[in-house]
Amino acid sequence: MNAHISIAPIAEAQSGPAAYRLLIDGKWVDSMSGRTIDRVSPAHGVVVSTYQCGDRADALAAAAAARKAFDKGPWPKMTGAARAKLLLDVAAKIEMRLEEFARLDAIEAGKPIAQVRGEIAGAVDIWRFAASLARTLHGQSFSTIGEGKLGIVVRDPIGVVSIITPWNFPFLILSQKLPFALAAGCTTVVKPSEMTSASALLLGEILIEAGLPAGVVNIVTGEGSAVGAPTVESADVDMVSFTGSTKVGKSLMAVAAQTLKKVSMELGGKNAQIVFPDADLDAATDAIVFGAFFNAGECCNAGSRLIVHASIADELVERVRARTGRVRVGDPMDEATIVGALISDDHAGKIGGFLESAKRAGASFAVGGEAMQADSGRFIAPTIVTGVTPDMAVAREEIFGPVLSVLTFNTAEEAIAIANGTDYGLSAGVWSRDFDTCHMVARAMRAGTVWINTFMDGASELPFGGFKQSGLGRELGIHAVEDYTEEKTLHLHSGGRPKPWVVDAI
Ligand code: NAD
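The shown structure was predicted, so the numbers you read here are calculated from the model rather than taken from an experiment.

Inspection of the secondary structure puts Thr196 in the loop between strand E10 (187–191) and helix H8 (198–209). Assessed through its relative accessible area of 1%, Thr196 is described here as buried. Filtering out sequence-adjacent residues up to four positions away, Thr196 remains in contact with Tyr51, Glu108, Ala109, Pro166, Trp167, Pro170 and Ile343.

Okay, here's the thing in structure tokens:
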């Protein structure tokens, strides 16, 4: 691991920040209050973006524009083929500007540029996948419900969707929601994280260029409580698709209950990798380091708990420690960096608090455990905490930083109990060369995704989401577009009434 992190200056240090506006009803506008938010790059310490600081009035104007576009505009009535064509055009335009998207997310989130290119390429694939679903969305028919009768179940777009996204994968997570909502024929208000809004606004430009009708996608930047919350309250909005913390997710569900809106929630995780003695330890070692430290651990899917059989614990921890020492933490714009800067001082402080609490509880650090020196920004060394017991905060709570907690087990039942013993249930991994072990453990996991002899793989075709307090609903997968629809039953009858309800008195 590097001793001191050098950060090269970025162009914005000379040119100043890029300025952005809100997209409401097809027009770029300033916030009604005229206030703005400066985003300081977490690695470089310079202001890279100036956003409009929207508030309630802007959010409600956006919701009204989306409502009008849904009720009166052409988008919900267009053919699936026409919507697919536009989504494919948008995918091609994102691909053409991939480098711009990658740079924006890298400098605003502090993520390694080489990694973000992969995220944007993944997002392009999702837009293309959603386009395919726009054409194949269909209902059901029932010809078995009686003579002269036909039942048809159609899928109507649900209406206006409020899309609220976090900062850790700014463009990728927006792309897990928006193209599916559009494929279904919905209109939207998008509220990106106040820390990483630039890529969503660049997408706004592309959507206009591609000819999306006014009001179908509105983008309002600002703080969550000022912009996100009013869209969840608004009667103009029919559904909320939220990715973020479990705490905010719960509060939004309570608000959505007032108007009985449908909610889709992608929330936090405390994901375990369980390693048995017969596992391929070379492969497992790399996947454990990747799972724990990818995106600086600021990842809902982070494999933040290693649950290892006691007989191989020392050997595996030593392997993981040695490999962790080779992780290149550094300037996000350096092509060789694989772990970048932490998102904010507040967040780094929260991670530091977890490390302190682990020490106080009697755990120790096999490696890391402290901040790294850098020219600018904030970095915490990839950290392995040993001597962890299931009751400690580092074993139960989502740290969202580069911290791996190691726990040990003696029997498979014990491993399963530890893995399932948190409030979360997003994902898990199991490592063994024995099919029966993998199958038994995978089936016992209370998690939305279980990786077997791999970790954090994904594909647009595979549903993603959480059990327990990790969320509600699934994104991606071949049913993703259906989440943004309402089923409507059409009950048809031909011929007269075979058995009248009112009969003449005899
Ligand atoms: P967060 O909950 O603080 O914020 C998420 C979004 O909600 C932001 O746009 C924020 O402005 C907005 N928001 C905040 N308070 C709000 C309120 N009162 N009303 C309406 N909107 C509000 O989360 P974060 O810190 O941006 O992201 C990290 C969290 O996201 C972690 O817990 C992580 O596990 C989770 N996450 C989950 C997934 C998943 O797919 N399950 C993916 C990525 C991140």
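Continuing now.
Another aspect to go through is the site of the ligand. Taken together, 28 residues are adjacent to the ligand, and Lys191, Glu194, Ser245, Leu267 and Glu398 come closest. Note that an oxygen atom of the ligand is positioned 2.7 Å from one of the side-chain N or O atoms of Lys191. In this structure, Gly224 approaches the ligand through a main-chain N or O atom, which is 3.4 Å from an oxygen atom. In isolation the ligand exposes 850 Å². Once the protein is present, 87% of that is buried. Of all elements in the fold, only helix H9 (224–233), strand E12 (239–243) and helix H10 (246–257) reach the threshold of two or more residues within the shell around the ligand. The dominant element in the shell around the ligand, judged by the number of residues it contributes, is H9, at four residues. Partitioning the shell around the ligand into residue classes produces 14 nonpolar, 10 polar and four charged. Taken together, domain 1 (10–267 + 470–489) and domain 2 (272–452) each give at least three residues to the shell around the ligand, which thus spans both.

Under the criterion given, the structure shown has eight aromatic pairs. Consider the rings of Phe169 and Phe294, whose centres lie 6.1 Å apart with planes at 20 degrees: the pair is stacked. Placement of Phe169 in the loop between strand E9 (160–164) and helix H6 (170–175) and of Phe294 in the loop between helix H11 (281–293) and strand E15 (305–309) is noted, with a sequence separation of 125 residues between them. Judged by its relative accessible area of 19%, Phe294 falls in the buried class. Seen from their ring centres, Phe290 and Phe294 are 5.2 Å apart, and the 50 degrees between their planes marks the pair as tilted.

You can read the domains of the protein chain as domain 1 (10–267 + 470–489) and domain 2 (272–452). At the interface, 28 residues of domain 1 touch 27 residues of domain 2. Each partner contributes to the roughly 2,000 Å² buried at the junction of domain 1 and domain 2, and carbon and sulfur atoms together form 58% of this total. Our count for the domain 1 to domain 2 interface comes out at one salt bridge. The closest approach of N and O atoms between Arg117 and Glu335, which form a salt bridge, is 2.9 Å. Looking at the side of domain 1 that touches domain 2, the elements with two or more residues in it are helix H4 (98–109) and helix H5 (113–136). In terms of residue class, the side of domain 1 that touches domain 2 is built from 13 nonpolar, eight polar and seven charged.

We now examine helix H13 (residues 345–360). With 16 residues, H13 extends 22 Å from end C-alpha to end C-alpha; this agrees with the ideal 22 Å at 1.5 Å per step. Among all positions in H13, only His347, Ala348, Ile351, Phe354, Leu355, Ser357 and Ala358 are buried. Next to the buried residues of H13 lie strand E16 (364–367), strand E18 (379–380), strand E19 (383–386), helix H14 (393–396) and strand E20 (403–409). Once H13 ends, the next one or two residues include Gly362, with phi positive near 105 degrees.

Of all hydrophobic cores here, the largest spans 135 residues; its most connected members are Ile94, Trp127, Leu178, Leu203 and Val275. For this core, the leading source of residues is H5, giving 12 residues. Two domains share this core, each providing at least three of its residues, namely domain 1 (10–267 + 470–489) and domain 2 (272–452). Each residue touching Trp127, except ones within four places of it in the same chain, is listed here: Leu87, Val90, Ala91, Ile94, Phe171, Ser175, Leu178, Pro179, Leu182, Leu203 and Leu207. Ala63, Ala65, Phe70 and Val189 belong to the second-largest nonpolar core, a separate cluster that totals 13 residues.

The next subject is the packing of helix H3 (residues 80–96) against H5. Where H3 meets H5, the closest approach of the two axes is 8 Å, and the angle between their N-to-C directions is 170 degrees. Here H3 lies roughly antiparallel to H5, going by the angle between them. For the pair H3 and H5, the contacting residues are Gly80, Ala81, Ala84, Leu87, Leu88, Val90, Ala91, Ala92, Ile94 and Glu95 in the first and Ile120, Val124, Trp127, Arg128, Ala130, Ala131, Ala134 and Arg135 in the second. Among the residues forming the contact of H3 with H5, the class breakdown is 14 nonpolar, one polar and three charged.

Another point: unusual backbone geometry. Phi is positive for Asn295, which is not a glycine, with a value near 55 degrees. Locating Asn295 in the fold gives a position in the loop between H11 and E15. The phi dihedral of Lys468 falls on the positive side, at around 45 degrees, and the residue is not glycine. Tracing the backbone shows Lys468 in strand E24 (residues 467–468).

Analysis parameters
Residues numbered from 1 in each chain as written. Predicted model: local features only at pLDDT ≥ 70, side-chain atom pairs only at ≥ 80, totals over all residues. Heavy atoms only, no water. Helix = DSSP H or I, 4+ residues; strand = E, 2+ residues; numbered from the N terminus. Buried < 20%, exposed > 50% of the residue type's maximum accessible area, 1.4 Å probe, protein only. Contact = heavy atoms within 4.5 Å. Near = heavy atom within 4 Å. Polar contact = N/O pair within 3.5 Å; in protein donor to acceptor, adjacent residues only side chain to side chain. Areas by Shrake-Rupley, 256 points an atom, 1.4 Å probe, with all protein chains shown as cover. Nonpolar A, V, L, I, M, F, W, Y, C, P; charged D, E, K, R; others polar. Domains from an automatic or database assignment. Phe/Tyr/Trp six-rings, centres within 6.5 Å; stacked < 30°, edge-to-face > 60°. Buried area = accessible area lost by both parts, 1.4 Å probe. Salt bridge = Lys/Arg side-chain N within 4 Å of Asp/Glu carboxyl O. Expected span 1.5 Å × (residues − 1). Core = buried A, V, L, I, M, F, W, Y, C linked by side-chain atoms within 4.5 Å. Axes fitted to C-alpha atoms, helices over the stretch in contact; angles between N-to-C directions. Parallel < 35°, antiparallel > 145°, perpendicular 65-115°, else oblique.

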